Structures are given as structure tokens and as C-alpha cells.
Amino acid sequence: MLPYIDKTYPTEPYKMSIGHSFGGLFVMDALLEKPELFNSYISIHPSMCWDNKTLFTTYKNTDLADNKYKNKFLYLGIANTLKKE
């Protein structure tokens with residue numbers, strides 16, 4: 001889809017993904033699974049408790065120092081919505 005958008009519309013090479021709630025969950029999943037799609041990610045109050053906190057647990061066990069996350073930027077805005085574990 002991004003190649004179509006780039007071909008059809010005037011775009012810049014710097015790509016950013018922004019989402020709130022389930023859109024924020026998408027942003028977090030995209031960063032984890034396809035970090036090459038965007039340069040930066042903004043996730044506002046993502047629904048990290050969805051699906052029994054599966055994505056939250058995956059992030060806790062992910063090495064974010066991995067080279068595939070190099071030069072990627074994440075702004076994560078979360079209120080006090082998750083219980084402490």
C-alpha cells in the first residue's frame with residue numbers, strides 16, 4: 001500500500017505512523033513486526049491489555065536494542081491504565 005501512496009500522491013521519504021487506542025495498538029505491533037515500514041511511531045494510549053496483554057508481554061520480552069530498531073523513534077503516551085505486575 002505504501003508504494004501505491006508514494007506513486008500516487010506527493011509524499012516525503014520520512015514516514016511516521018500515529019494511532020490512538022486500537023490504532024495505537026497497531027502502531028506498537030507495526031514497530032515490533034515491521035520496523036522498516038516507518039521512521040517514527042507515535043502510539044497514544046494503545047490498548048495494550050487487548051488479547052490478554054499479548055503484545056504487552058511480547059514487548060517485555062523483546063530486545064529493543066536489536067539492530068532492526070536502530071534509528072527508529074517511538075513516542076508512547078500511556079495513562080495509568082495497566083495494573084502493576
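This write-up is about the structure you can find in this document. (Residues numbered from 1 in each chain as written. Predicted model: local features only at pLDDT ≥ 70, side-chain atom pairs only at ≥ 80, totals over all residues. Heavy atoms only, no water.)

### Comments concerning the pairing of strand β2 (residues 40-44)
- Of the strand pairs in this sheet, strand β1 (residues 16-20) and β2 are connected by five bridges, and their pairing is parallel. If you follow Ser17 over to β2, its bridge partner there is Tyr41.
- Note: β2 against strand β3 (residues 73-77), five bridges, orientation parallel. By the bridge assignment, Ser40 is partnered in β3 with Phe73. (Pairing = 2+ DSSP bridges. Helix = DSSP H or I, 4+ residues; strand = E, 2+ residues; numbered from the N terminus.)

### Some words on the pattern of salt bridges
- Summed over all chains, the structure comprises one salt bridge.
- Lys15 serves as the salt-bridge partner of Asp6, at 2.9 Å between the closest nitrogen and oxygen.
- Residue class for Lys15 comes out buried when judged on its relative accessible area of 16%. (Salt bridge = Lys/Arg side-chain N within 4 Å of Asp/Glu carboxyl O. Buried < 20%, exposed > 50% of the residue type's maximum accessible area, 1.4 Å probe, protein only.)

### A word on the sheet that holds β2
- As summarised here, the arrangement of the three strands in space is β1-β2-β3, forming an open sheet in which the pairing is parallel. The sheet is open, and its two borders are formed by β1 and β3, each paired with just one other strand. Sheet twist, expressed as the average angle between the axes of neighbouring strands with direction ignored, equals 5°.
- Contacts between helix α2 (residues 22-33) and the sheet are confined to β1, β2 and β3, with β1 contributing the most and set at about 140° to the helix. (Axes fitted to C-alpha atoms, helices over the stretch in contact; angles between N-to-C directions. Contact = heavy atoms within 4.5 Å.)

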